[in-house]
Amino acid sequence: MGRRIVLGMLGLGAVGVAAGRWLSDGVTEVVASTAPGLANVLPATGGFRIYTVTSGYPEYDPATYRLAVNGLVRDELSLSLADLAALPQTGITKDFQCVTGWRVANVPWSGVLLRDVLTAAGVEPGGAALHFTSFDGVYTESLTMEQGMAPDVLVATSMFGAPIQEKHGAPVRLYVVPMYGYKSLKWLSGIEVVRDVIPGYWEQLGYDVDAYVGTSNGRSDDPVV
Ligand SMILES: Nc1nc2c(c(=O)[nH]1)N[C@H]1C(S)=C(S)[C@@H](COP(=O)(O)O)O[C@H]1N2
Ligand SMILES: [Mo]
């Protein structure tokens with residue numbers, strides 16, 4: 001996957017790092033703050049800003065990548081990329097909106113609906129919420145089960161007709177259509193079915209757990225649905 005210098009591995013957390021350097025595709029300024037979207041800002045591409053709270057993109061091997069689905073489920077799953085590709089594929093073209101204000105219109109995504117993954121695992125009684133983890137080792141997210149079972153929440157493997165790029169969360173990220181971008185966790189490695197919502201990374205720092213575009217976080221953006 002190429003060598004990466006990941007500052008996070010040197011023990012530099014995201015919040016609290018005033019500035020750093022990240023060396024990969026050229027030298028890039030990395031800044032940090034406590035706003036979801038102004039964490040570590042790498043160069044903008046196609047209207048997107050690239051965010052990571054760990055000062056780089058975590059490495060993975062496509063051959064050994066697995067998405068773990070566990071917790072209150074009938075069958076724990078460990079899904080390879082081939083397993084994900086074998087599940088029903090769904091395409092969704094919608095806007096991507098960050099709570100800090102930027103929006104990219106009409107982004108084509110595809111992958112497996114989260115509800116299809118959950119159905120394959122079989123949610124047990126009492127499984128009322130979802131806890132998502134990233135193999136960056138830091139970022140987390142949450143949804144209620146009802147939110148996660150909606151027909152516009154994608155375990156995305158493709159974006160703009162191509163495999164998701166590393167900077168956008170390769171090989172697998174969430175895309176939660178109706179919510180601000182911080183819900184769309186990158187570098188997805190785990191989906192745990194739990195009883196109660198566990199607030200995610202930015203939510204522990206004060207952002208709304210229910211992150212609907214247009215009604216949350218004191219913003220009034222046009223909804224993307
Ligand atoms: N693992 C991880 N996922 C993340 C983030 C992050 O810092 N780390 N940032 C979130 C935020 S605030 C936004 S707006 C989107 C940005 O997606 P992009 O980096 O592909 O543009 O990713 C979200 N998912
Ligand atoms: Mo964001």
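Here's a quick rundown of the structure.

Scoring rules and cut-offs
- Residues numbered from 1 in each chain as written.
- Chains lettered and ligands numbered in written order.
- Predicted model: local features only at pLDDT ≥ 70, side-chain atom pairs only at ≥ 80, totals over all residues.
- Heavy atoms only, no water.
- Near = heavy atom within 4 Å.
- Polar contact = N/O pair within 3.5 Å; in protein donor to acceptor, adjacent residues only side chain to side chain.
- Areas by Shrake-Rupley, 256 points an atom, 1.4 Å probe, with all protein chains shown as cover.
- Helix = DSSP H or I, 4+ residues; strand = E, 2+ residues; numbered from the N terminus.
- Nonpolar A, V, L, I, M, F, W, Y, C, P; charged D, E, K, R; others polar.
- Salt bridge = Lys/Arg side-chain N within 4 Å of Asp/Glu carboxyl O.
- Buried < 20%, exposed > 50% of the residue type's maximum accessible area, 1.4 Å probe, protein only.
- Core = buried A, V, L, I, M, F, W, Y, C linked by side-chain atoms within 4.5 Å.
- Contact = heavy atoms within 4.5 Å.
- Pairing = 2+ DSSP bridges.
- Axes fitted to C-alpha atoms, helices over the stretch in contact; angles between N-to-C directions.
- Arc of directions from axis to C-beta.

**Details of the site of ligand 1**
Okay, so step 1: By nearness alone, 22 residues border ligand 1, and Arg49, Tyr51, His168, Arg173 and Lys186 come closest of all.
Okay, so step 2: The side chain of Asp136 places a nitrogen or oxygen atom 3.0 Å from a nitrogen atom of ligand 1.
Okay, so step 3: Within the side chain of Arg173, one N or O atom sits 2.8 Å away from an oxygen atom of ligand 1.
Okay, so step 4: Taken by itself ligand 1 offers 540 Å² of open surface, and the protein chains cover 100% of this.
Okay, so step 5: Here the element with the most residues in the shell around ligand 1 is strand S4 (residues 48-52); it accounts for five residues.
Okay, so step 6: Class assignment for the residues of the shell around ligand 1 results in twelve nonpolar, six polar and four charged.

**Focus on the pattern of salt bridges**
Okay, so step 1: Under the defined criterion, the tally for this structure stands at five salt bridges.
Okay, so step 2: Notably, a salt bridge pairs Asp75 with Arg74, separated by 2.9 Å at the nearest N-O pair.
Okay, so step 3: Notably, a salt bridge pairs Lys183 with Glu141, separated by 3.1 Å at the nearest N-O pair. Here Lys183, found in the loop between strand S13 (173-176) and strand S14 (188-194), pairs with Glu141, found in strand S10 (residues 140-144); they are 42 residues apart in sequence, far enough to count as distant.
Okay, so step 4: Residue Lys183 is classed as buried on the basis of its relative accessible area, which comes to 1%.

**Let's talk about the nonpolar core**
Okay, so step 1: By size, the foremost hydrophobic cluster in this structure holds 59 residues, and its most contacted members are Val155 and Ile191.
Okay, so step 2: Contact partners of Ile191, with chain neighbours within four places excluded, come to Leu67, Ala68, Val69, Asn70, Leu114, Val117, Leu118, Leu130, His131, Phe132 and Val155.

**Description of the sheet that holds S10**
Okay, so step 1: Overall, mixed pairing links the five strands, which are arranged S6-S5-S14-S9-S10 in an open sheet. With partners counted over all chains shown, the strands left at the sheet margins are strand S6 (77-79) and S10, one partner each. Direction aside, the axes of adjacent strands within the sheet are offset by 15° on average.

**Comments concerning the pairing of S13**
Okay, so step 1: Side chains Arg173 and Tyr175 of S13 all project onto a buried face; the interleaved residues Leu174 and Val176 project onto the opposite face, where all are buried too.
Okay, so step 2: With four bridges connecting them, strand S11 (residues 153-159) and S13 associate as antiparallel partners. Across the sheet, Leu154 pairs through a bridge with Tyr175, a residue of S13.

**Comments concerning the environment of Thr52**
Okay, so step 1: By the element assignment, Thr52 lies in strand S4.
Okay, so step 2: Under the relative-accessibility criterion, Thr52 is labelled buried at 3%.
Okay, so step 3: Separated by 116 residues in the primary sequence, Thr52 and His168 have C-alpha atoms spaced 9.4 Å apart.
Okay, so step 4: A polar atom in the side chain of Thr52 sits 3.1 Å from the side chain of Thr54.
Okay, so step 5: Engagement of the side chain of Thr52 in a polar contact is seen with the backbone oxygen of Gly56, the distance being 3.0 Å.

**Comments concerning helix H2 (residues 114-121)**
Okay, so step 1: Taken residue by residue, H2 has Leu114, Val117, Leu118 and Ala121 as its buried positions. The arc that holds the buried residues of H2, viewed along the axis, is 95°, so those residues lie on one side.
Okay, so step 2: Once H2 finishes, Gly122 follows within two positions and takes phi at roughly 80°, a positive value.

**A short note on the side chain of Glu203**
Okay, so step 1: Tracing the sequence through the fold places Glu203 in the segment after S14.
Okay, so step 2: We classify Glu203 as buried; its relative accessible area is 7%.
Okay, so step 3: Among all residues touching Glu203, those that are not within four sequence positions of it are Glu141, Ser142, Tyr182, Lys183, Asp208 and Val209.

By themselves, these figures tell us nothing about what the structure is for.
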